[in-house]
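An overview of the molecular structure
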Amino acid sequence: MRKLFSFIVIALLVSSCGIYSFSGTSIQPDVKTITIPYVEYTALRVNPSLSNDLTEALKEKYRKLTRLEEVDVDGDLELVCTITGYDVKATAVTANEMASQNRLTVTVKVEFSNKKYPEDDVSNNFSAYEDFDATMSLDAVESGLCETIIEKLVEDIFNATVAQW
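The structure presented is a predicted model; accordingly, all values stated were derived computationally and were not measured. (Residues numbered from 1 in each chain as written. Predicted model: local features only at pLDDT ≥ 70, side-chain atom pairs only at ≥ 80, totals over all residues. Heavy atoms only, no water.)

Turning our eyes to something else, we now look at unusual backbone geometry. A positive phi angle, close to 60 degrees, is found at Asp 74, a residue other than glycine. Within the secondary structure, Asp 74 sits in the loop between β3 (69-70) and β4 (77-93). (Helix = DSSP H or I, 4+ residues; strand = E, 2+ residues; numbered from the N terminus.)

With that settled, the discussion passes to empty space enclosed by the protein. For the structure on display, the rule yields two cavities of 30 Å³ or more. Considering only enclosed or pocket space, the largest cavity measures out at about 70 Å³ in volume. If you go around the largest cavity, you meet 11 residues; those closest to its centre are Ser 26, Ile 27, Leu 77, Asn 114 and Asp 120. Contributing elements (two or more residues each) for the lining of the largest cavity: β5 (99-114) and α3 (138-163). Within the lining of the largest cavity, the residues separate by chemical class into five nonpolar, five polar and one charged. There is about 30 Å³ of room inside the second largest cavity. If you go around the second largest cavity, the residues you meet are Ile 34, Ile 36, Lys 59, Tyr 62, Arg 63, Thr 66, Leu 68 and Glu 70. If one sorts the elements of the lining of the second largest cavity by residue count, helix α2 (residues 50-65) sits on top with three residues. Looking at the lining of the second largest cavity, its residues break down into four nonpolar, one polar and three charged. (1 Å grid on protein atoms, 1.4 Å probe; cavity = no way out; pocket = protein on both sides within 12 Å on 5 of 7 lines; lining within 4 Å. Points joined across faces, edges and corners; volume = space filled by probe spheres on them. Nonpolar A, V, L, I, M, F, W, Y, C, P; charged D, E, K, R; others polar.)

In this section: the pattern of salt bridges. Tallied over the full model, the rule gives 10 salt bridges. Between Arg 63 and Glu 70 there is a salt bridge; the shortest N-O distance is 3.5 Å. Taken together, the shared-partner salt bridges in this structure form one network comprising Lys 59, Glu 60, Arg 63, Lys 64 and Glu 70. (Salt bridge = Lys/Arg side-chain N within 4 Å of Asp/Glu carboxyl O.)

Moving on, we come to the side chain of Thr 33. Looking at the element boundaries, Thr 33 is found in strand β1 (residues 33-35). Overall, the relative accessible area of 13% leaves Thr 33 in the buried class. For Thr 33, the residues in contact, after removing those within four places along its chain, are Leu 68, Glu 69, Val 71, Asp 74, Gly 75, Asp 76 and Leu 77. (Buried < 20%, exposed > 50% of the residue type's maximum accessible area, 1.4 Å probe, protein only. Contact = heavy atoms within 4.5 Å.)

Residues Leu 58, Tyr 62, Leu 79 and Val 108 are the most contacted members of the largest nonpolar core, which totals 37 residues. Mapped by element, the contributors of at least two residues to this core are α2, β4, β5, β6 (122-133) and α3. Looking at this core element by element, the count peaks at 12 residues for α3. Beyond its immediate chain neighbours, meaning those up to four positions away, Val 108 contacts Leu 54, Cys 81, Thr 82, Ile 83, Thr 84, Asn 124, Asn 125, Phe 126, Leu 153 and Ile 157. (Core = buried A, V, L, I, M, F, W, Y, C linked by side-chain atoms within 4.5 Å.)

Below is the structure:
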């Protein structure tokens, strides 16, 4: 009983400071809203669903792991992302100079601004990739690769913006 009481007291003290949470975020208590506009796509190679999938994954991550309310414009925080790269390259070559492994890489430019605490602003490029067997066509494996890549990108972007890792 004493251990349970101690845990509750510690949990209340940690959560009452308002800056840290059990999800690992460090958002000031007066920051209440976030704006996440639709992810723009400027890469030369086209994937028609990637912008929408990344936008929804980002919104879902911030909705689940923060107390922030999503607003369409003028949020205390704003996360503007642009897909700038979508490339496939050979990563492993056989003795016959044939590709045995290919890599799909997605690059996203991120502009994160905190209107109340500009020192927390982040401007950076994030990349994630997945390898696939060269005997497979990109069309056959693209959706699965993109799903994994999006998970990695969202985690990296989240950590760099509100988790500040």
